Amino acid sequence: MSKPNPLPSSHDKLLFTPGPLTTSLSVKQSMLHDAGSWHFDFNAKVTSIRERLLGIAGVSRTSGYECVLMQGSGTFGVEAVFATCVPRTGKVVVLSNGAYGERMALMLQHLQIEHTVLRTSEYSPNEPAALDSLLTADAAITHVAVVHCETTTGILNPIDEVGAVTRKHGRSLIIDAMSSFGAIPIDLPGIGVDFLISSANKCIEGVPGFSFVIARRELLLASEGHARCLSLNLLEQWKAFEKNGQFRYTPPTHSILAFEQALNELDLEGGVVARGERYRRNHVKLLAGMKTLGLRPFLDPKVQSFIITSFHCPTDPRFVFSHFYSRLSEKGFIIYPGKLTQAETFRIGSIGRIFESDIRSLLAAIEETFAELGIREG
Ligand SMILES: *Cc1c(COP(=O)(O)O)cnc(C)c1O
């Protein structure tokens, strides 16, 4: 049974992408203010958002966690953690099976932080056993960095096992939970997460403008003096929030207003589990419909998340992704190109303010487009 979108929509094209995502009309409307003018009100909102994010993560300040917001997209948050929290003598191992893992390695290279990359193929999850051997062999490694849902393919990495191995060796764990936080429950204390990064415009369904880091306070405070840059200094940012509730430098005011409304709507929907269930229904409907159209998913269902799905491009020579994309866009649907090195794929996201009825419309548009382009598949 598919529920129609209960909130009024705008007439924008629907985004079936990894983010930015389709947001509700009420989230967009919440931005129709000049927030700078009501200063104290605004700072109170920032403080409340930080508290509410800890709540969504299932932790609190009393249990030893802090939430720091950082201007910029998700990448800025990940880079802020590396730039601030890895000691000058530290070394990071990145577990990579896609573009976001590779991006972390690139950040470390730019920051001149010693690192090594443990790669698996784009269709295989990270290997905790290989990490175990590496940590046994290399005592210099201080931090393990992992991507929860690698949005490049939609693969879900085994953060529980990675966490267990990391804890066993007494190293710190950094999780890029950009595309999973808010839709997949993550047991931070259980897994032993020291730093978790996500952003405003993914599963919380806000608009772009800032990322956020949930950090173990003890480790955040221990990073004094490590920062390699000014604006991405997470510790100084936290100190500013603690001192006067303010961002250092210009805050992403409209994005904060939108985010507050997005958090209200996450509560209304029933929280993280209910949101994840909607996304799962979207994904299941999408898979079934694509199968009917003869399109195969790239990943083994065992490792596939319900966040975003990669599909093999049709083998019909008349299929040209850019034509397919444009036709769908004309019909009001935005999909996403593949980002893989190993196969011709495209991606369809199940996240954002989209519902099964929207997936149904998308599938009808894909079928129509195939007919227009004379593509026969399956
Ligand atoms: C979206 C995303 C990011 C951050 O990308 P930005 O474009 O900087 O917001 C990082 N990691 C993952 C897994 C993502 O899905």
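Residues numbered from 1 in each chain as written. Predicted model: local features only at pLDDT ≥ 70, side-chain atom pairs only at ≥ 80, totals over all residues. Heavy atoms only, no water.

Asks: Pulling in residues and values, what's your account of the site of the ligand?
Replies: Around the ligand, the neighbouring residues are Ser 73, Gly 74, Thr 75, Tyr 100, Arg 103, Val 147, Cys 149, Thr 151, Asp 176, Met 178, Ser 179 and Lys 202. Within the side chain of Lys 202, one N or O atom sits 2.7 Å away from an oxygen atom of the ligand. Coverage of the ligand by the protein amounts to 86% of the 380 Å² it exposes when considered alone. Broken down by secondary-structure element, the contributors of at least two residues to the shell around the ligand are α3 (74-85) and α4 (99-110). When grouped by side-chain class, the residues that make up the shell around the ligand number four nonpolar, five polar and three charged. (Near = heavy atom within 4 Å. Polar contact = N/O pair within 3.5 Å; in protein donor to acceptor, adjacent residues only side chain to side chain. Areas by Shrake-Rupley, 256 points an atom, 1.4 Å probe, with all protein chains shown as cover. Helix = DSSP H or I, 4+ residues; strand = E, 2+ residues; numbered from the N terminus. Nonpolar A, V, L, I, M, F, W, Y, C, P; charged D, E, K, R; others polar.)

Asks: Any details on the domain arrangement of the chain? Residues and values, ideally.
Replies: If you check the domain split of the chain, you get domain 1 (14-23 + 271-373) and domain 2 (33-267). Distance between the C-alpha centres of domain 1 and domain 2: 27 Å. Across the contact, 30 residues belong to domain 1 and 32 residues belong to domain 2. Taken together, both faces of the contact between domain 1 and domain 2 bury some 2,500 Å²; the carbon and sulfur share is 59%. Our enumeration of links across domain 1 and domain 2 arrives at three salt bridges. Here Glu 205 ties to Arg 278 by a salt bridge, and the two come within 2.9 Å at their closest N and O atoms. Scanning the region where domain 1 abuts domain 2 turns up 13 residue pairs in polar contact (both at pLDDT 80 or more). The set of elements that each furnish at least two residues to the side of domain 1 that touches domain 2 consists of α11 (271-292) and β11 (308-312). (Domains from an automatic or database assignment. Contact = heavy atoms within 4.5 Å. Buried area = accessible area lost by both parts, 1.4 Å probe. Salt bridge = Lys/Arg side-chain N within 4 Å of Asp/Glu carboxyl O.)

Asks: Let's hear about unusual backbone geometry: which residues, and what values?
Replies: Cis geometry is adopted by the peptide bond preceding Pro 20, which originates at Gly 19 and carries an omega value of -5°. Turning to its location among the elements, Pro 20 is positioned in the loop between β1 (14-15) and α1 (25-29). For Gln 112, which is not a glycine, the phi torsion comes out positive at approximately 55°. Within the secondary structure, Gln 112 is located in the loop between α4 and β4 (114-119). Looking at Gln 112, the relative accessible area reads 74%, which means it is exposed. The backbone phi angle of Tyr 249 is positive, close to 70°, even though this residue is not glycine. Residue placement: Tyr 249 occurs in the loop between α9 (234-244) and α10 (253-269). (Buried < 20%, exposed > 50% of the residue type's maximum accessible area, 1.4 Å probe, protein only.)

Asks: Quick rundown of the pairing of strand β8 (residues 172-176)? Include the residues and the values.
Replies: Counting buried residues along β8, five of its five residues qualify, which places the element largely inside the surrounding structure. In β8, alternate side chains face the same way, and those of Ser 172, Ile 174 and Asp 176 on one face and Leu 173 and Ile 175 on the other are all buried. Sheet analysis places strand β5 (residues 143-147) next to β8, joined by five bridges and oriented parallel. Note on β8: the bridge partner recorded for Val 144 is Leu 173. Note: β8 against strand β9 (residues 195-199), three bridges, orientation parallel. Of the residues in β9, the one forming a bridge with Asp 176 is Ile 197. (Pairing = 2+ DSSP bridges.)

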